[in-house]
Amino acid sequence: MEMEKEVIYENDDVHLNLRLGLPGSHETLEKKSGSKRASSEVVDNEVANKGDQDSSPPPTKTQVVGWPPVRSHRKNILQQHKKEADATGMYVKVGMDGAPFLRKIDLKLYNNYPQLLEALQNMFKCTIGYNGSEHAPTYEDKDGDWMLAGDVPWEMFITSCKRMRIMKASEAKGSGCL
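Residues numbered from 1 in each chain as written. Predicted model: local features only at pLDDT ≥ 70, side-chain atom pairs only at ≥ 80, totals over all residues. Heavy atoms only, no water.

- The chain is annotated in an unreviewed UniProt entry as Auxin-responsive protein from Heracleum sosnowskyi.
- The heading Subcellular location (unreviewed entry) in the UniProt record of the chain holds the text "Nucleus".
- Listed under Sequence similarities (unreviewed entry) in UniProt, the entry text for the chain is "Belongs to the Aux/IAA family." (UniProt positions renumbered as here; feature names shortened; annotations may be inferred.)

**Focus on the overall build of the chain**
Step number 1: Each helix and strand counted, the chain has 5 helices and 7 strands in total.
Step number 2: The linear arrangement of helices and strands in the chain, starting from the amino end, is β-β-α-α-β-β-α-β-β-α-β-α.
Step number 3: In the chain, which comprises 178 residues, the proportion classed as buried is 26%.
Step number 4: The contacts in the chain between residues at least 6 apart in sequence include a share of 42% that link residues at least 24 apart.
Step number 5: Only carbon and sulfur atoms are counted for the fraction: they give 52% of the accessible area of the chain, which is about 13,500 Å². (Helix = DSSP H or I, 4+ residues; strand = E, 2+ residues; numbered from the N terminus. Buried < 20%, exposed > 50% of the residue type's maximum accessible area, 1.4 Å probe, protein only. Contact = heavy atoms within 4.5 Å. Areas by Shrake-Rupley, 256 points an atom, 1.4 Å probe, with all protein chains shown as cover.)

**Here we look at the pairing of strand β3 (residues 91–96)**
Step number 1: As defined by bridge partners, β3 adjoins strand β4 (residues 102–106) across 5 bridges and the pair is classed as antiparallel. Within the sheet, the bridge partner assigned to Y91 lies in β4 and is D106.
Step number 2: Judged from the 4 bridges that link them, β3 and strand β7 (residues 163–168) form a sheet pairing that is parallel. Note that in β7 the partner of V94 across the bridge is M164. (Pairing = 2+ DSSP bridges.)

**Quick look at the pairing of strand β5 (residues 135–140)**
Step number 1: With respect to burial, β5 is a largely interior element, 6 of its 6 residues being buried.
Step number 2: Burial along β5 is two-sided: the face carrying H135, P137 and Y139 and the face carrying A136, T138 and E140 are both buried.
Step number 3: Pairing analysis gives 6 bridges linking β5 to β7, with the strands arranged antiparallel. From the neighbouring strand, T138 faces β7, where its bridge partner is R165.
Step number 4: The pairing of β5 with strand β6 (residues 146–148) spans 3 bridges and is classified as antiparallel. Residue Y139 lies in a different strand from β6, and its bridge partner there is M147.
Step number 5: Linking β5 back to β6 in an antiparallel pair, the connection comprises 5 residues, with G144 at a positive phi of about 90°.

**Comments concerning the side chain of D141**
Step number 1: Note on placement: D141 falls in the loop between β5 and β6.
Step number 2: Among buried Asp, Glu, Lys and Arg side chains, D141 stands out as unpaired, with K162 the closest opposite charge at 7.1 Å.
Step number 3: A polar atom in the side chain of D141 sits 2.8 Å from the backbone nitrogen of D145.
Step number 4: When neighbours within four sequence positions are excluded, D141 is seen to be in contact with M147, S160 and K162. (Lys, Arg positive; Asp, Glu negative; His and termini not counted. Salt bridge = Lys/Arg side-chain N within 4 Å of Asp/Glu carboxyl O. Polar contact = N/O pair within 3.5 Å; in protein donor to acceptor, adjacent residues only side chain to side chain.)

**Details of the sheet that holds β7**
Backbone-to-backbone hydrogen bonds pair the strands of a sheet. The strands run either parallel or antiparallel.
Step number 1: The sheet built from 5 strands is open, its strands ordered β4-β3-β7-β5-β6 with mixed pairing. Sheet topology places β4 and β6 at the edges, where each strand pairs with a single neighbour. Each neighbouring strand pair of the sheet contributes to a mean axis angle of 30°, computed without reference to strand direction. (Axes fitted to C-alpha atoms, helices over the stretch in contact; angles between N-to-C directions.)

**Some words on the pattern of salt bridges**
Step number 1: Taken as a whole, this structure holds 4 salt bridges when the rule is applied.
Step number 2: The partner of E171 in a salt bridge is R165, with the nearest N and O atoms 3.7 Å apart.
Step number 3: R165 sits in the partly exposed class, given a relative accessible area of 30%.
Step number 4: Each of D97, R165 and E171 takes part in one network of salt bridges that share partners.

**Some words on helix α3 (residues 113–124)**
Step number 1: With 12 residues, α3 should reach 16 Å at 1.5 Å per residue; the first-to-last C-alpha distance of 16 Å fits that figure.
Step number 2: For α3, the full list of buried residues reads Y113, L116, L117, A119, L120 and F124. Taken end-on, α3 shows its buried residues confined to a sector of 160°, consistent with a single buried face. The outward face of α3, more than 90 degrees from its buried face, is lined by the exposed residues P114 and E118.
Step number 3: In the core, the buried residues of α3 are packed alongside β3, β4, β5, α4 (154–160) and β7.
Step number 4: Capping of α3 at its N-terminal end is provided by N112; its side-chain oxygen lies 3.1 Å from the backbone amide nitrogen of Q115.
Step number 5: Phi for K125, located one or two positions after α3, is positive at around 55°. (Expected span 1.5 Å × (residues − 1). Arc of directions from axis to C-beta.)

Right, dumping it as structure tokens:
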């Protein structure tokens, strides 16, 4: 099945050979009329010889950077999600001695230690404090040291706290936190 067609235009000064067909196809189309065949074969041979020089396959298509285009409303949504992620709080896991589960809290919701302790007491249904209470709040800082929550200023605490643990007061005294 040949899909190639050839049209030859001849004038006194110009000889044009136009060909329709599959890209990269340089084969000649045999004509039944022999009057113009000799001149068309010469041109076809020249085209075929040029094609032999560039016989390497066409370059592979790679995805152009930024393609397919992302519409502006989608870009805005992505930027909004990034801003929300930056504005979200500092979540830390809180575990309690004797409790088989951990909770996650956002430290940016609280402004100081008393608010945090009140929230932890409501969460775990126990009394949490520093002196004379059942449990003591401790936290792990960036260096991996366990410290008593409340020993450092609040701003330093929320930036250095990796996780919290509510220990029994007797264990906190033995570990050096109290």
